[in-house]
Amino acid sequence: MARVLSLFRPQPVLALVSRYKPASCQMSMDSRARDVFTAAVEAVQPDAVVRQSVERKDDSVLISGRKFTLKHNLHLVGFGKAVLGMAAEVERMMGDHLVDGVISVPHGIQQTLRQHGKSHLLPKENSKIQVMEGAKHNLPDEDALRAAEQIKQLAKGLTEKDLLLVLISGGGSALLPAPLPPILLQEKLDVTRRLAAAGATIQELNTVRRALSVLKGGGLAKYAHPAQVVALILSDVIGDPLDLIASGPTVTSEVWPEEILSILERYKLLSCIPASVKDVLQKQSRKEKAEEWDASGHVLNVVIGSNSTALERARLRARDLGFHPVVLSPGVCGDVRAVSRLYGLLTRFACSPEEPPAEVAAEVLRLGPDVGVQSWDLCRTMQELGERRAGGSGTTCLLAGGEPTVELTGKGRGGRNQELALRLGLEWRGLALPPNGPVFLSGGTDGQDGPTEAAGAITDAGLCAEAQAQGLDIHQFLTNNDSYTFFSRLSSGKRLLVPGLTCTNVMDVHVLLFPSASNINKG
Ligand SMILES: Nc1ncnc2c1ncn2[C@@H]1O[C@H](COP(=O)(O)OP(=O)(O)OP(=O)(O)O)[C@@H](O)[C@H]1O
Ligand SMILES: O=C(O)[C@H](O)CO
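Residues numbered from 1 in each chain as written. Chains lettered and ligands numbered in written order. Predicted model: local features only at pLDDT ≥ 70, side-chain atom pairs only at ≥ 80, totals over all residues. Heavy atoms only, no water.

The name an unreviewed UniProt entry gives the protein chain is Glycerate kinase, with Oryzias melastigma as the organism. Listed under Sequence similarities (unreviewed entry) in UniProt, the entry text for the protein chain is "Belongs to the glycerate kinase type-2 family." For the protein chain, the Catalytic activity (unreviewed entry) comment in UniProt is given as "(R)-glycerate + ATP = (2R)-3-phosphoglycerate + ADP + H(+)". (UniProt positions renumbered as here; feature names shortened; annotations may be inferred.)

This is how it looks when you write it as structure tokens:
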């Protein structure tokens, strides 16, 4: 009896709390960071973004508040790394109304999707959509050229009764090459390759591509005229600039030959551009282009997914996992050295036992322009982290996104996400941080970080000690841009992030988890 009664004796509150604490609290910080990243990627799956932005109602379709009548008049074209899944979903939703389609997608993607059990992202067996693979290694080639020609022909044959859906995602520029004659594909490729190798930004690169192309810079929409054109865009460029994502085939843009020449001059490429390119630039007078045609009323461009979409889902997931989420910005860019420095400084606001000195805030603000983050966002973030630390609040999850860059000096294997994680591990070395945190994850939402099998990596304050114990010299790996080899060797690759092919791309996501402030104050 005494034994039975003891079962009903009130238990110490702490014992109950620990027995019934939610699963999230029992997960390690590392697993929770991975979980938040997975949620971010799920939010921008190609089929999901189409379902969320396109509504089928009987014989019409609603997109961005506009209604389009369906009368077996729907045609589809697409180009980019994520458009296969987008196209499959459009076909499922539109049924018989879809007349035909052509999409240009990366080489080998259909087989890879089948191998990864992602057949739901493939068009059905007897699909009306012709899938054309090309652009091996993300470079325009003859296969992509043929696909671009097919897309052009489909657009050219449309009438005012037709509706053309254009699916656009990252990688679209390489998958839709159509050089303006007399420029040859190889010549255009040489120019863009040289620019990229010299460090040109995606803005500069795509400004040049637009000027040398038949279909980019609004050319595709022009071919489809007088049909109604609706472009559904999954953005992989910071700020979602419509004219730059995949070089804007549905966005009319003026070409200023002087601008193109000054970009080429900036990278010391003026002397080596082919005569055909000079020829085309000479012929393009701004006045002629501007007067060419007016797309208003015929073209609707809608961004249906972006880095912000991914960050918003990550925010909700972090909250469900027991964190207080703080979103810094979806536009983090600049050299990974500056970005890791920024995150190192922000860590001091969240994790130092005392308020960091004023110089730390001043340095954060100085870094702002280098990393593409507004002072307002930096101040808001520092304030929130500082208040939570001072108030002894619970765990915090800082989220950001964007696309930092790496200056390649070595010949190793790596990517900007792995290099960022490695550099932040170094930043944390000198700080007195609590043993149970912080943790940082950096991952490419496309599942691939540079030419490696990983999407990114996870780091914590113990990284340097772990590397030293295993005889790995971090500085040597960084000098050789060999972050993938480093993380593969360190503790059998346990800090690598390897989600496999994700079938989407909205740049990178950064997840920075800070431990409970009460632990910090005690520590
Ligand atoms: N060894 C390396 N270490 C660090 N970064 C590298 C290394 N090799 C390549 N990179 C970086 O990887 C990037 C290219 O990677 P990736 O193929 O993922 O391209 P991307 O810019 O994400 O393209 P997309 O937007 O089409 O996905 C470049 O920024 C390049 O500087
Ligand atoms: O295709 C491209 O141009 C890049 O991925 C940017 O959208």
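After that view, the rundown keeps rolling.
Asker: Can you walk me through the UniProt feature "domain: MOFRL" (unreviewed entry) in the protein chain in this structure?
Answerer: Mapped onto the present numbering, the UniProt feature "domain: MOFRL" (unreviewed entry) falls at residues 397-508. Segment residues 397-508 splits into 30% helix and 18% strand. End C-alpha atoms: 16 Å apart. (Helix = DSSP H or I, 4+ residues; strand = E, 2+ residues; numbered from the N terminus.)

Asker: Help me understand the side chain of Ser 247 in this model?
Answerer: Among the secondary structure elements, Ser 247 is positioned in the loop between strand S8 (228-234) and helix H13 (257-266). Of note is the side chain of Ser 247, whose polar atom sits 3.4 Å from the side chain of Asn 206. Other than its neighbours up to four places away in sequence, Ser 247 contacts Ser 173, Asn 206, Arg 209, Arg 210, Lys 216 and Gly 217. (Polar contact = N/O pair within 3.5 Å; in protein donor to acceptor, adjacent residues only side chain to side chain. Contact = heavy atoms within 4.5 Å.)

Asker: Can you walk me through the packing of helix H17 (residues 336-351) against helix H18 (residues 358-371) in this structure?
Answerer: A pair of packed helices is characterised by two quantities: the angle between their axes and the separation of those axes. Orientation of H17 relative to H18, taken along the N-to-C sense of each, is 150°, at an axis distance of 10 Å. The angle between H17 and H18 places the two elements in the roughly antiparallel class. Considering the relative orientation of H17 and H18, their crossing is left-handed. On H18, the residues touching Ala 338, Val 339, Arg 341, Leu 342, Leu 345, Leu 346, Arg 348 and Phe 349 of H17 are Val 360, Ala 361, Glu 363, Val 364, Leu 367, Asp 370 and Val 371. Classifying every residue of the contact of H17 with H18 gives eleven nonpolar, no polar and four charged. (Axes fitted to C-alpha atoms, helices over the stretch in contact; angles between N-to-C directions. Parallel < 35°, antiparallel > 145°, perpendicular 65-115°, else oblique. Left-handed = near helix turned anticlockwise from the far one by under 90°. Nonpolar A, V, L, I, M, F, W, Y, C, P; charged D, E, K, R; others polar.)

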